[in-house]
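Reading the structure
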Amino acid sequence: MRLYVWRALSAFILGLMVLTMTPLAAQAQETASTTATEAADSALSAEQASALADLLSDESTREALIEALTRVGEGTAEDLPSEAAEVAAEEEVSISRRVARATQNAAEQVGTTLAGFWQHLERAPRVLSDATSIDPQVIWDSLRELALVIITTVVIYNLLRVTSKQLYRRMGSAAHERGPMQTAMIIIGSVLIDAVVVVIAWGVGYLLALLVFGSVGEIGIRQSLYLNAFLIVETVKMVTRAILSPTTSELRPIPMPDAGARKLNRWSAFIISLLGYGQLLVVPIINQNVNFMTGRGVSTVISALAILIVMVQVIRYRKPVADWLLGNRMAEAGHFVRVLARNWYVAALVYLAVLLAVVLARPGGVLFPMLGASAKVLGAIVVAFIVSNIVSRIVARGIHVPSGVSERLPLLERRLNAFVPRVLTAVKLLIFAAVVLFTLSTVGIVDAQGWMESQVGVQMTGTIVSILFILLFSFLVWLAVNSWVDFRLNPEFGSVPTARESTLLSLLRNAVTIVLVVITLMFVLSEVGIDIAPLIASAGVLGLAIGFGAQKLVQDIITGVFIQLENAMNVGDVVTAGGTTGTVERLTIRSVSLRDLHGAFHIIPFSSVDMVSNYMREFAYCVTDMGIAYRENIDDAKQAMFDGFEELRNHPDHGKNILEDLQWFGLNSFGASELVVRARIKTVPGTQWGLGRAYNEILKRIFDERGIDIPFPHQTIYFGEDKQGRAPAAPIRIEEAPKEVIEVKAEPPAKDSGAARDIEKDPDDEPPGDDGR
């Protein structure tokens, strides 16, 4: 799945979280309202407690109260049968009535929740007005007390940050030339360095507050609040910087433009500082020095201000973020993805508006669960982005094995690059499914944790993990066998494999693949819960039936096994099998594939092979039969053939393929017009045909030079005669040739020769005839 799909789907998850946040808020508000009501009912003022004590001290009043409580208990006990009857009657009602009651209860619950939320929201102006009752002197005194600690901590932190930025740039340059795993380790190292900077600045601030500022060994509560707030705020900023990496793009785990990363980091740092120092430092100081209501108002103002700033930035940068979500592949994105990416800000604004209303209403127990759920979902999306980006980088860069391993196993890298990207794509899909499931579980729609802890969930999870391990182990075994075969077939390492070894290793690879697939399938079916014993028995019966019905196939396999055991042929051999001669290109357990001289590809089942003629075993012979005229001397022909052999032996290309001297067999047969003499040359197997053609060329030239007649058939044309001995006329067509002058220049004339003269062809010398015959 491409990156822009991940980004758009993340926006979809954000919208889903907004849509499902209402049930969470309703549930939390209901719980908080119930708790508050119970607390209000159970809490008694001092006046109420005194009045109750007076009533209980009066004996008549106490007896009346006991009697009333006894009547209530008896009435409840008497009502039990009627309640049981109502329960039994409820069980007998129709499904439609049950659905109607459930819908009614849900609607009433939502209405009650919304009414309570609206009441809290109506009190928001009063809460905000409490924030105006702050005495500026309180803030001034706090800042004066904390000034030295703040200045010292900030100066030390910034000095350490300046130094660490130079180190980050060096680490980024190193990560630019490394692989994904090494880059991930460098990113983790940069995060650790940033964490060390924060801890050092916090620790130095604590030491100065204990030893320098104020009494030795003592630290003020305000100083402690600031230092703790500094540690928390800067830690959150550190996590944000680890994700955005504003100064070093090479260390950025999420693909994002540099300008966008810097702006987002700047605004994120501002919002984190505003919320962190405001809620962790300013609000506690106001609560301590003014009152709790004023502190609550200040907390509401700070939270509302932060939300409004975020809403303004969402509206401001809605188009750049949409372009980033779609990336450079806008044309490839589907319509739904484009619409979702273009309108991402709608879901964000809805969520922020709901969050702002919750902050202003301040219903007990709603804000922090909502913020916690949002933080969890956001963290899951960020982690999914990082992991998906790492996976995409691995897929884009491919798997590279070391050069030494690649030389020994030349096909290993190609196999890994053919398999690993598919697995990583499946991993990305699993990551997306996990994020969606986690989001639904966080907002309370799906109880994923409860399902996984149930018996069905544990069993299904164990089955899935077992199947994944089985598939992984099978792949590793297949990869190891194929790599070993490649290593044995590699002529650059170890001994050069023979043709027989190449053939047997290829067959071994195919056999192991088939067996491994069958065994893996059996194990997977067993893990799923299917009993494989009947399958194995059925497979045996089916194999027997197939053996009877496919006797030809069985014969092919058995014959192929014996042919391979007897080493009758190997890949690359020139053989004659099933009446076809050609080069063996492929051998399987049931057939042989030949390529003949004309390029035709033949697949010959072994059942049709009753004899195999192999021309590539140990040596070969080139047999030459030469025909000479009956008047020629055989010794002259013999000498000519030996001379031709010596010339062939001295040939730079063919001489190295001759194994022995020429074998002279002598006069082999008497032909119709020639005497056939035979000789034989022992050659390297596979070279006998080319060497024989070269020898024939040499013999033709030598016989012509020495005047040894190579007879050929002569044909006499006889037109026949009739009974009277007259021959029929032979039709002859004579075409008129163009006039030409032939000039003959001779040596000084002899006694019987005339002078040189010009001879001109006269067209009148042509035979008469009007039809040219």
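The structure contained in this document is the topic of the report that follows. Positions within a chain are numbered from 1, following the residues in the order the chain's sequence is written. Given that this is a predicted model, residues contribute local features only at a pLDDT of at least 70 and side-chain atom pairs are listed and counted only at 80 or more, while totals for whole chains, interfaces and linings are drawn from all residues. The basis for every side-chain value is the complete set of heavy atoms in the structure, and neither hydrogens nor water enter the calculation.

Considerations on the overall build of the protein
Only DSSP runs of H or I reaching four residues or more are called helices, and only runs of E reaching two or more are called strands; each is numbered from the N terminus. Counting its secondary structure elements, the protein contains 24 helices and 10 strands. Only protein chains enter the area calculation, which uses a 1.4 Å probe; residues under 20% of their type maximum are buried, those over 50% are exposed, and those in between are partly exposed. A total of 773 residues make up the protein; the buried ones form 32% of that total. By sequence separation, contacts in the protein at least 24 residues apart represent 67% of the contacts at least 6 residues apart. Only the protein chains shown count as cover for residues, and the accessible areas themselves come from Shrake-Rupley with a 1.4 Å probe. As presented, the protein carries roughly 47400 Å² of accessible surface, and 63% of it is formed by carbon and sulfur atoms. Whether two residues touch is decided by their heavy atoms; if any such pair falls within 4.5 Å, the residues are in contact.

Considering the pattern of salt bridges
Salt bridges, as used here, are contacts in which a Lys or Arg side-chain nitrogen is within 4 Å of a carboxyl oxygen on Asp or Glu. Counting across every chain of the model gives 17 salt bridges. A salt bridge links Arg342 to Asp323; its shortest N-O distance comes to 2.7 Å. With Arg342 in helix α13 (residues 335–342) and Asp323 in helix α12 (residues 318–326), this residue pair connects regions lying 19 residues apart in the sequence. Residue classification places Arg342 among the partly exposed residues on the basis of a relative accessible area of 30%. The salt bridge partner of Asp573 is Arg617, with a shortest N-O separation of 3.1 Å. Taken together, the residues span a long stretch of sequence, with Asp573 in the loop between α22 (551–565) and β1 (574–577) and Arg617 in the loop between β5 (612–614) and β6 (620–628) at a distance of 44 residues.

Some points on the sheet that holds β6
At least two DSSP bridges between two strands are needed for those strands to be called paired. With antiparallel pairing, 3 strands are arranged side by side in an open sheet as β6-β8-β7. With one partner strand each, in any of the chains shown, β6 and β7 (663–670) form the two edges of the open sheet. This sheet shows a mean twist of 25° between the axes of neighbouring strands, independent of strand direction. Inspection of the sheet shows β6 paired to strand β8 (residues 675–683) by 9 bridges, in the antiparallel sense. Looking at β8, one finds that Val623 is bridged to Arg680. The axes used here are C-alpha line fits, helices contributing only the stretch in contact, and every angle between their N-to-C directions lies in the interval 0 to 180 degrees. Packing against the sheet, helix α24 (residues 688–705) makes contact with β6 and β8, and its axis sits at approximately 25° to β6.

Observations concerning the environment of Gly260
With respect to the helices and strands, Gly260 occurs in helix α10 (residues 258–289). Along the chain, Gly260 and Pro246 lie 14 residues apart, while their C-alpha atoms are 8.6 Å from each other.

Some remarks on empty space enclosed by the protein
Here a cavity is any set of points on a 1 Å grid over the protein atoms alone where a 1.4 Å probe fits but cannot get out, and a pocket is any open set with protein on both sides within 12 Å along at least 5 of 7 lines; a residue lines the site when it has an atom within 4 Å of a point. Grid points are joined across faces, edges and corners, and a volume is the space filled by probe spheres set on the points. A full pass over the atoms with the stated rule returns 1 cavity of 30 Å³ or more. In this model, the largest cavity occupies a volume close to 170 Å³. The wall of the largest cavity is formed by 14 residues, among which Tyr168, Ser190, Arg241, Ala242 and Ser245 lie closest to the centre. For the lining of the largest cavity, the secondary structure elements donating two or more residues are α7 (136–176), α8 (180–211) and α9 (221–244). In terms of residue count, α8 provides more of the lining of the largest cavity than any other element does, 4 residues in total.

Digging into helix α19 (residues 455–489)
Look at α19: 51 Å from first C-alpha to last across 35 residues, which is about the 51 Å you get at 1.5 Å a residue. Those residues of α19 lying buried are Gly457, Thr463, Ile467, Ile470, Ser474, Phe475, Leu479, Asn482, Ser483, Val485 and Asp486. Every helix has an expected span of 1.5 Å times one less than the residues it contains.

As for a positive patch on the surface
Patch members must show over 30% relative accessible area and no salt bridge, and they are joined within 9 Å when carrying like charges or within 5 Å when they are nonpolar side chains of Val, Leu, Ile, Met, Phe, Trp or Tyr. Positive charges come from Lys and Arg alone, negative charges from Asp and Glu alone, with His and the N- and C-terminal ends not counted. Each charge is placed at NZ for Lys, CZ for Arg, CG for Asp and CD for Glu. The grouping of Arg262, Lys263, Arg266 and Arg316 at the surface amounts to a positive patch. The element that contributes the greatest number of residues to the positive patch is α10, accounting for 3 residues. Residue position: Arg266 is located in helix α10.

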